[in-house]
Amino acid sequence: MQIRYFLALSLLPQLVLANDANTATVESSQCVIEPPVKPYVPLYDLDSPADLERISIISDSSKAQMGKQAQFSGDVSFSQGGRNISADEAILDQETEELAANGNLVFQDEQFTVTADSLVAKMRSNSATLLGAQYWLHGQQIHGDANKLEITKDNNLLLSKTNFTTCPPDSPSWLLEADKIKIDSTEEWGEIWDAKLKIGGVPVMYIPYMTIPVSDKRKSGFLFPSFSTSTTNGVEFAVPYYWNIAPEFDLTFTPNYMSARGLYTKTEFRYLAGEKQQGQLNFEFLPDDDKLTNSPNRYLYHWEHSGAIDKNWRVLANYTDVSDNNYFNDLNSDVQRATDNQLTRIGEISYFEENWDISGRVQDIKVLGEEEKPYQVMPQFTFNYRAPEYWRGFDVNLMSEVTNFSHQDSEYSTATRLHIEPSISYPIHGPAGSLTSEVKLLQTNYWQDDNSNLANSPLDDTVNRTLPQVRIHGQINFERFTDYFNTNYRQTLEPQFQYLYVGYEDQSNIGIYDTAQLQEDYNGLFRERRFSGLDRIADANQFTLGLTTKLFDEQNKEIFKFSLGQIIYLEDSRVGINDVNGSADTFVQENTSNSALAAELSTQLYADWFLSGSIQYDAKESENKKSELTVDYRPGKNKLLQASYRYVPDLLNTNTNESVDIKQVGFRGAWPINDNLYLVGNWYYDLNESRSVETYTGFQYESCCWAVRLSYHYRIKTNYVDEDNPVNDTRELFESGVYLNFVIKGLGGSGPLGVSDMLDDGLFNYRKPLYLKN
């Protein structure tokens, strides 16, 4: 059991580069805090310097002496440019160009609204001083009081003996009192001196100096420290520092001290390269992990880059490495989660024209917890050419690649593969349906270096494989208007068929470099290939029949979809994948007459009830090959009740190389108690092992100015065997914890709190079960 408390009082906003698209969506309870007066609307368009300098004074009565003083009383309104002052009375000194006003005083411009006891404005310097002020920042929830408020000629605010909050004025759950606050309207940052933070009227923190944002602009400085405690990591204390190096560079450094493990540091550097390229580098390091018996050094380094060089060239790079297989299970990394078990290393450059493209790439994948390592692509070059309607409606295409496969272990075979795939197709499309006929030639050459030394599975040094392929795919669209249960619908009926012929050639003399069996579902029935990659191209002589029907309501929203299909084999397929021991390539189609029936359903049962499911069923063997079923009740925003069932047989366990069946039931829910308080929970149970896999329950209270979340986790742990860096500590099969998150809004953003965030927190992320089109 571990208990953690997080105090998320960030003094800077979540840092976002100029074109960073990965901003989190936060579902929060928003309050609109408006000033007690209507917004000021300028009398002129302010399009010219003359309009900006023009002074307008309106009052019930006035008394003036030329060149001396002018007195105004009764609903006084003084306007210049985008500023307006209203008061009961005002005196304008024409010699000093000063205005003094009092009585129901209101000052307004584009950024501020201020009410005060008195005001002195200096028109020469375009500045003003207000006493006994209350202020509101437009477009922000920030408001507060000040004994003295000064508006400088640069339109900055200087507040003395002041406070501010983002809570409603009648119930300030938190309040920051300060001796002095300066708000820079140009930099859009506030500086605070000698401040006390009060929560519920009780002082909880003294802050000699701090900065806060009043927009999303970035600035160097310390982020607020975070605290936590757990039996796993002990007492944790972290103080992030953000360095705004330049408009196109920034860096965040976070030292995190864990009493049970040591000092864990995380560094993230982000950059923009021109207008169309961006990337980041991460380095994380924990020296001498005290939690582990052998006290190893643990580290992560990560680099990613993507973008366009110009309108034709594209680049992509991604590289991650960790010290051990259990790095993500033990440490809270900024790069990947504990459920991620693959590290992708890829570099790619591509060139695109209208009808053709060419690319080069290198790729390596590290799978955590697996002894067998995938092949490396070092390198691969591809060339693709497209010529639609090249001659009398015929499309001509060419797909080609040359790939070199290498391996880190010398006992594995290596190869170079050249594949050329020209095709000619004739597509016919219309409202009533479509028919596409296609002919391909699949030409593949291998140059292999067999290092496996397996007598029962020798690989040829060179292989020349030539396979013809013919594919005819058609679909017909029927449509009618009908009614069910006294409701009008538009119903479609979409039968489709496919004939596929692929020639046969013995491929047991070819190694397996990048090939695996593809998912078998309804859409998979109409694929050209049964395997990914090119090391195995299965022979085929088969028909595929499928049928889809849909219902659309009067608003053209799809509320029902059902699909059913099956492959009818005219000949047995004889191409398979070598087993793990490298035995000969023997394969017999499991059902020599037809494939399993594949069906999918997604529908709105009634009102707020939704159902989705899929199944692959072998009618000949009366065997369920795979099935999923989900029922949702979603009556409104943040309201969800879901029950699900999942069955997947013969799933390979990569740690034991044994097949296991997955049979799970799950329940998930999110429900608001009122406008501010809601509950979220989920529970997944393994029917085969008769045990709970994951339990999560929590509640969150969120107002417009603060939020708190309390949650409980109980879930199975992913513990990998690591031969290179053995972990000798005792690892629990399950882990449980209680977590408390507390956020004060207005001191650096609202934080990642919300229903969607809680539903995604755990081993099984929430996904809507519907795949409807509208």
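Residues numbered from 1 in each chain as written. Predicted model: local features only at pLDDT ≥ 70, side-chain atom pairs only at ≥ 80, totals over all residues. Heavy atoms only, no water.

### Considerations on the overall build of the protein
Phase 1: Along the backbone of the protein there are three helices and 42 strands.
Phase 2: Burial analysis of the protein (774 residues in total) assigns 43% to the buried set.
Phase 3: Sequence-distant contacts in the protein: of pairs separated by 6 or more residues, those separated by 24 or more amount to 51%.
Phase 4: When the accessible surface of the protein is summed, it comes to about 40,000 Å², and 53% of that surface belongs to carbon and sulfur atoms. (Helix = DSSP H or I, 4+ residues; strand = E, 2+ residues; numbered from the N terminus. Buried < 20%, exposed > 50% of the residue type's maximum accessible area, 1.4 Å probe, protein only. Contact = heavy atoms within 4.5 Å. Areas by Shrake-Rupley, 256 points an atom, 1.4 Å probe, with all protein chains shown as cover.)

### A closer look at the side chain of Asn282
Phase 1: Along the chain, the position of Asn282 falls in strand E20 (residues 277-286).
Phase 2: Using a relative accessible area of 4% as the deciding quantity, one classes Asn282 as buried.
Phase 3: At 3.4 Å, the side chain of Asn282 forms a polar contact with the side chain of Glu268.
Phase 4: Ignoring any residue separated from it by four or fewer positions in sequence, one finds Asn282 in contact with Thr267, Glu268, Leu300, Tyr301, His302, Asp334 and Val335. (Polar contact = N/O pair within 3.5 Å; in protein donor to acceptor, adjacent residues only side chain to side chain.)

### Remarks on the pattern of salt bridges
Phase 1: Tallied over the entire structure, the rule returns 28 salt bridges.
Phase 2: With a shortest N-O distance of 3.8 Å, Glu150 and Lys148 are connected by a salt bridge.
Phase 3: Arg386 is the salt-bridge partner of Asp357, the closest N and O atoms lying 2.8 Å from each other. One end of the pair, Asp357, is in strand E24 (residues 356-367); the other, Arg386, is in strand E25 (residues 376-391), with 29 residues separating them in the sequence.
Phase 4: Judged by its relative accessible area of 10%, Asp357 falls in the buried class.
Phase 5: Salt bridges here are not isolated pairs; linked through shared partners, they connect Arg261, Asp289, Arg298, Asp324 and Asp330. (Salt bridge = Lys/Arg side-chain N within 4 Å of Asp/Glu carboxyl O.)

### As for the packing of aromatic side chains
Phase 1: The full count for this structure, using the stated rule, is 26 aromatic pairs.
Phase 2: With 5.8 Å between their ring centres and 65° between their planes, Tyr522 and Phe526 make a pair best called edge-to-face.
Phase 3: By relative accessible area, which is 5% here, Tyr522 ends up buried.
Phase 4: Accessibility expressed as a relative area gives 11% for Phe526, which makes it buried.
Phase 5: Here the aromatic rings of Trp609 and Tyr633 are separated by 4.6 Å at their centres, their planes lie at 35°, and the arrangement is tilted. With a gap of 24 residues between them, Trp609 in strand E35 (residues 609-618) and Tyr633 in strand E36 (residues 623-636) connect regions that are remote in the sequence.
Phase 6: Cluster of aromatic residues (ring-pair linked, three or more members): Tyr375, Phe405, Tyr412, Tyr446 and Tyr513.
Phase 7: The ring centre of Phe552 lies 4.3 Å from the NZ or CZ of Arg490, which sits over that ring.
Phase 8: Just above the ring of Tyr504 sits the side chain of Arg574; from NZ or CZ to the centre is 3.8 Å. (Phe/Tyr/Trp six-rings, centres within 6.5 Å; stacked < 30°, edge-to-face > 60°. Lys NZ or Arg CZ within 6 Å of the ring centre and 35° of its normal.)

### Looking at the pairing of strand E31 (residues 487-502)
Phase 1: Relative to E31, strand E29 (residues 462-476) runs antiparallel, the two being bridged by seven bridges. Paired with Val470 across the two strands is Tyr501, which belongs to E31.
Phase 2: Note: strand E30 (residues 478-484) against E31, seven bridges, orientation antiparallel. When the sheet's bridge partners are listed, Phe481 is paired in E31 with Arg490.
Phase 3: Where E30 folds back onto E31 in an antiparallel hairpin, the turn is made up of two residues, including Phe485, whose phi is positive at roughly 55°.
Phase 4: Note that E31 and strand E32 (residues 540-552) share 13 bridges and pair antiparallel. (Pairing = 2+ DSSP bridges.)

### Digging into the environment of Arg218
Phase 1: Along the chain, Arg218 turns up in the loop between strand E13 (202-213) and strand E14 (221-222).
Phase 2: Residue classification places Arg218 among the buried residues on the basis of a relative accessible area of 18%.
Phase 3: Sequence spacing of Arg218 and Glu187 is 31 residues, and the spatial spacing of their C-alpha atoms is 9.0 Å.

Just distances and angles here, no functional claims.
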